[in-house]
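Structural overview for review
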Amino acid sequence: AQSVTQLDSQVPVFEEAPVELRCNYSSSVSVYLFWYVQYPNQGLQLLLKYLSGSTLVKGINGFEAEFNKSQTSFHLRKPSVHISDTAEYFCAVRYNFNKFYFGSGTKLNVKP
Amino acid sequence: EAGVAQSPRYKIIEKRQSVAFWCNPISGHATLYWYQQILGQGPKLLIQFQNNGVVDDSQLPKDRFSAERLKGVDSTLKIQPAKLEDSAVYLCASSLDRGTGATEAFFGQGTRLTVV
């Protein structure tokens, strides 16, 4: 079965420290990969996407992610986080041009 | 460009009552999705439309949930009768999916349903 696994449900980090949020997916011939962010009482906003080409993709707010086909991973990183980055982050995979599968989410808590 | 519009934002009903949610996708988007997001979980796809046809409704509880997409544009999701476990945020999303294939989904702000 196709699935998306976010390994950490919560990640606490101090302001200006680096952070990595992990995402693994079940292998498939064709995948499109996405990271979304959700602030309280809001819908999901796209951070970045991988469709093809360079395996390192850059998104909004200084986030980036690297597609690793051999490890079936798409980890999200930011070199220096801000208080305003506190939110929940969802990894999503679109298999074979079809529906989106979402991970269970990682709550990023940035402390001053 | 206007985003995905959903209404209402909040709804409180008693169990066994019925409720309907409305979604207007981004203009020109072919694909429309309804997701259910229970507190502490990731979004779960309920139904996916391509234009006005259903592509996937395998996780839609069809004994109580129904959805339609009128003329391939607006969509309505209905629950009748509601159960306590239906308390969740219902998210509508749309994606372009024309010509170049799969693209990202754009989400509305969601409708928070509380069943008491």
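Look up: the structure comes first, before these words.
Residues numbered from 1 in each chain as written. Chains lettered and ligands numbered in written order. Predicted model: local features only at pLDDT ≥ 70, side-chain atom pairs only at ≥ 80, totals over all residues. Heavy atoms only, no water.

1. Quick look at the sheet that holds strand β3 (residues 19-24) of chain B
All names here are of chain B. Overall, antiparallel pairing links the four strands, which are arranged β1-β3-β8-β7 in an open sheet. Each end of this open sheet is capped by a strand with a single partner; those strands are β1 (5-7) and β7 (65-69). Each strand axis lies, on average, 15° off the axis of its neighbour in the sheet, ignoring direction. Looking at chain direction, β7 and strand β8 (residues 75-79) are connected through five bridges and run antiparallel. Paired with serine 66 across the bridge in β8 is lysine 78. (Pairing = 2+ DSSP bridges. Helix = DSSP H or I, 4+ residues; strand = E, 2+ residues; numbered from the N terminus. Axes fitted to C-alpha atoms, helices over the stretch in contact; angles between N-to-C directions.)

2. Considerations on the interface of chain B and chain A
If you look at the interface, chain B gives 25 residues, while chain A gives 19 residues. Taking both partners together, chain B and chain A bury about 1,700 Å²; carbon and sulfur atoms supply 48% of that area. Summed over the shared surface of chain B and chain A, the result is two salt bridges. Residue glutamate 104 of chain B is joined to lysine 49 of chain A by a salt bridge in which the shortest nitrogen-to-oxygen separation is 2.9 Å. Inspection of the chain B/chain A interface yields nine residue pairs in polar contact (both at pLDDT 80 or more). Breaking the side of chain B that touches chain A down by element, the ones donating at least two residues are β4 (31-37), β5 (44-50), β6 (53-56) and β9 (88-95) of chain B. Of all the elements, β4 of chain B adds the most residues to the side of chain B that touches chain A, at three residues. (Contact = heavy atoms within 4.5 Å. Buried area = accessible area lost by both parts, 1.4 Å probe. Salt bridge = Lys/Arg side-chain N within 4 Å of Asp/Glu carboxyl O. Polar contact = N/O pair within 3.5 Å; in protein donor to acceptor, adjacent residues only side chain to side chain.)

3. Observations regarding unusual backbone geometry
Looking along the chain, the bond that leaves serine 7 of chain B and enters proline 8 of chain B is cis, with omega of -10°. For proline 8 of chain B, the position within the fold is in the loop between β1 and β2 (10-13). Between glutamine 80 of chain B and proline 81 of chain B the backbone carries a cis peptide bond, its omega angle lying at -5°. Here proline 81 of chain B is to be found in the loop between β8 and β9. For asparagine 61 of chain A, which is not glycine, the phi torsion reads 60° and is therefore positive. By relative accessible area, asparagine 61 of chain A is classed as partly exposed at 44%. (Buried < 20%, exposed > 50% of the residue type's maximum accessible area, 1.4 Å probe, protein only.)

By themselves, these figures tell us nothing about what the structure is for.
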